[in-house]
Amino acid sequence: MKIVIINYGAGNIQSIRFAIERLGYDAILSNDVEEIKNADKVIFPGVGEASSAMKMLKATGLDRLIPTLTQPVLGICLGMQLMCKYSEEGDTTGLGIFDVDVKRFENIVKVPQIGWNQISGLGSKIFNNVKEGAYMYLVHSYYAPITKETIATTEYGIQYATALQKNNFYGVQFHPEKSSTDGAMILENFLNL
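Residues numbered from 1 in each chain as written. Predicted model: local features only at pLDDT ≥ 70, side-chain atom pairs only at ≥ 80, totals over all residues. Heavy atoms only, no water.

Looking up the protein in an unreviewed UniProt entry gives the name Imidazole glycerol phosphate synthase subunit HisH, with the organism given as Wenyingzhuangia heitensis. The protein has a UniProt comment under Function (unreviewed entry) that states "IGPS catalyzes the conversion of PRFAR and glutamine to IGP, AICAR and glutamate. The HisH subunit catalyzes the hydrolysis of glutamine to glutamate and ammonia as part of the synthesis of IGP and AICAR. The resulting ammonia molecule is channeled to the active site of HisF." Its UniProt record gives the protein the following Subcellular location (unreviewed entry) comment, quoted word for word: "Cytoplasm". (UniProt positions renumbered as here; feature names shortened; annotations may be inferred.)

A. Up close: the UniProt feature "domain: Glutamine amidotransferase" (unreviewed entry) in the protein. Those residues carrying the UniProt feature "domain: Glutamine amidotransferase" (unreviewed entry) are residues 4-191 in this numbering. Annotated as 25% helix and 33% strand, the span residues 4-191 places its first and last C-alpha atoms 11 Å apart. (Helix = DSSP H or I, 4+ residues; strand = E, 2+ residues; numbered from the N terminus.)

B. Looking closely at the sheet that holds strand S1 (residues 3-6). The sheet built from seven strands is open, its strands ordered S2-S1-S3-S4-S13-S12-S11 with mixed pairing. If you trace the sheet from one side to the other, it starts and ends with strand S2 (27-30) and strand S11 (150-156), each paired once. Strand-to-strand twist across the sheet, computed as the mean angle between neighbouring axes with direction ignored, equals 25°. When strand S4 (residues 73-76) meets strand S13 (residues 169-172), the two strands line up parallel, connected through four bridges. (Pairing = 2+ DSSP bridges. Axes fitted to C-alpha atoms, helices over the stretch in contact; angles between N-to-C directions.)

Here is the structure:
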């Protein structure tokens, strides 16, 4: 199986790569369009600020490629947010895969959310053998509201979408590569789709 982690300058790519290796798989880091198109599975990570990350995607043409992929694609953290239609962060137009606008948490909670929180309403094969209420590691100031594409939620001042799915596209706000055995199970389930 050929696994490609998109390397566009805004991702936590090494920690994801190590997590995949711990599961017994190899992953390639790449921003090459042909290599990504020919992958069996694609992981789209992201750490940082939305508008800067979109500029990096546009500079390499990946903003046009990613929405056209037909193999399973997993967006992680900012990667998931960039797969959405729009983000308030930097007034950023996203890739439009998920029909939702990313919003900033209101100041009724500590922003950013940093630490462990529970996921619930698990509604996808990527959550097979993951317990309802499992704890995942999150670091973010922006969130996707609940939408028809929501496959898991988290409570942080409000209930929000902590995972999304549309066809072959999956997104998780949390960091499965940092989230113990349940996070590893989610990565394993994704790789076995």
